[in-house]
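Next come the chains, spelled out residue by residue.
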Amino acid sequence: MKNVSFIEDVALVTLKGCPADIDFFARVLRMISAAGVNVDMISQTPPSGGHVDMCFTVSDSDVPSLLTVTSALSSQFPSVKTSINGNNCKVAVFDESMANEPGYAAGIFEKAAAAGAEIRLITTSENDISMLIVNDGLYPLLEALKG
């Protein structure tokens with residue numbers, strides 16, 4: 001059975017040009033945690049030339065606290081560039097049958113396209129597809145996912 005949930009007012013944080021080193025990511029996430037900020041969706045690009053880009057989401061209300069972390073990060077790693085884009089929402093589709101049903105993701109993305117959802121980030125697991133979309137696309141997407 002399909003379960004759809006959503007969280008509004010989510011910021012997308014992108015760190016470009018990060019060292020392709022898991023210790024770097026652990027360090028960054030520890031700094032964010034120490035600032036009292038919860039990270040939700042996390043995505044990384046494949047390594048290229050020893051660097052990767054890392055994206056993650058936080059609550060819009062946590063952005064001021066996050067800025068102290070990104071400022072410290074810029075001092076320690078001047079090559080890492082940060083961008084923050086707020087006013088998004090996370091829509092998660094959960095269904096136990098997703099893991100064994102070919103075409104499930106295609107159906108979800110067809111509905112998102114039909115609803116005109118502007119997708120900024122996608123993360124998945126065996127039973128979950130999470131999409132970060134611009135806030136004003138939330139209700140058309142929710143309506144499309146009902147069908």
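The sections below set out a description of the structure shown in this document.

What counts and what doesn't
Residues numbered from 1 in each chain as written. Predicted model: local features only at pLDDT ≥ 70, side-chain atom pairs only at ≥ 80, totals over all residues. Heavy atoms only, no water. Core = buried A, V, L, I, M, F, W, Y, C linked by side-chain atoms within 4.5 Å. Buried < 20%, exposed > 50% of the residue type's maximum accessible area, 1.4 Å probe, protein only. Helix = DSSP H or I, 4+ residues; strand = E, 2+ residues; numbered from the N terminus. Contact = heavy atoms within 4.5 Å. Pairing = 2+ DSSP bridges. Axes fitted to C-alpha atoms, helices over the stretch in contact; angles between N-to-C directions. Salt bridge = Lys/Arg side-chain N within 4 Å of Asp/Glu carboxyl O.

Leu15, Cys18, Phe24, Ile32, Phe56, Val58 and Leu66 are the most contacted members of the largest nonpolar core, which has 19 residues in total. At the level of elements, strand S1 (3-19), helix H1 (22-34), strand S3 (51-59) and helix H2 (63-76) are the ones that each hand at least two residues to this core. The residues contacting Val58, other than those within four sequence positions of it, are Val10, Ala11, Val13, Val37, Asn38, Val39, Val63 and Leu66. Core analysis: the second largest hydrophobic core is formed by 15 residues, Val93, Met98, Ile133 and Leu145 among them.

Here we come to the sheet that holds strand S4 (residues 81-94). Taken in spatial order, the six strands line up as S2-S3-S1-S4-S6-S5 in an open sheet, and their pairing is antiparallel. Across the chains shown, the open sheet's two edge strands, defined by having one partner strand only, are strand S2 (42-44) and strand S5 (119-125). Within this sheet the neighbouring strands show an average axis-to-axis angle of 30°, counted without direction. Both S1 and S4 contribute to a ladder of eleven bridges, which runs antiparallel. When the sheet's bridge partners are listed, Phe6 is paired in S4 with Val91. Each of S4, S5 and strand S6 (128-134) is contacted by helix H3 (residues 104-114), which is oriented at about 20° to S6, the strand it contacts most. In the packing of helix H4 (residues 138-146) onto the sheet, the strands contacted are S1, S4 and S6, and the crossing angle to S1 comes to about 120°.

As enumerated under the stated definition, the model contains four salt bridges in all. Across the pair Lys90 and Asp40 runs a salt bridge whose closest N-O atoms are separated by 2.9 Å. Remark: Asp40 occurs in the loop between H1 and S2 and Lys90 occurs in strand S4; sequence separation between them is 50 residues. The class for Asp40 is partly exposed, based on a relative accessible area of 36%. Its salt-bridge partner being Glu143, residue Lys146 comes within 3.5 Å of it at the nearest N-O pair. Of this pair, Lys146 and Glu143 are both found in helix H4, three residues apart, which corresponds to roughly one turn of the helix. No difference in accessibility class separates Lys146 from Glu143, as the two residues are exposed.

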